[in-house]
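Residue-level structure breakdown
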Amino acid sequence: MRDHIEDVDAQSSAITLDVAAGRRPRIHVAQTGIATAMEQQTATTSEIAQSVQHGATASSQMSHDIEELAAETGRVSASVHELERAAADMSHLAEDLRGQAA
């Protein structure tokens, strides 16, 4: 009986080793696939981060340009108002001169 139990244990161990050996290549393939997917995801995440950074930089530059444009528009508007006042003053002077000439 003892010999029979030892034979069953030996057969069971051999079967377990065979099953484990058969699964090893499939586990390796799965691990390789997971590692490849992780590398691709890391590369994609890095590209997304670079795109977001580029977009943020471009947005910041556009905001700066708009601020400069607004400031320049304000300066042009002030100059136009000065020209309008000067034109009105000249119009009044011209009327005064006409009145004196008549």
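Quick notes on the rules
- Residues numbered from 1 in each chain as written.
- Predicted model: local features only at pLDDT ≥ 70, side-chain atom pairs only at ≥ 80, totals over all residues.
- Heavy atoms only, no water.
- Helix = DSSP H or I, 4+ residues; strand = E, 2+ residues; numbered from the N terminus.
- Buried < 20%, exposed > 50% of the residue type's maximum accessible area, 1.4 Å probe, protein only.
- Areas by Shrake-Rupley, 256 points an atom, 1.4 Å probe, with all protein chains shown as cover.
- Salt bridge = Lys/Arg side-chain N within 4 Å of Asp/Glu carboxyl O.

A tally of regular secondary structure across the protein gives one helix and zero strands. Buried residues in the protein amount to 0% of all 102 residues. Here the protein displays about 9,100 Å² of accessible surface, and carbon together with sulfur accounts for 61% of that area.

Attention shifts here to the pattern of salt bridges. The final tally for this structure, using the stated rule, is one salt bridge. A salt bridge links E72 to R75; the nearest nitrogen and oxygen atoms lie 2.6 Å apart. Taken together, the positions of E72 and R75, both in helix α1 (residues 2–101) and three residues apart, correspond to about one turn of that helix. Judged by relative accessible area, R75 falls into the partly exposed class, the value being 48%.

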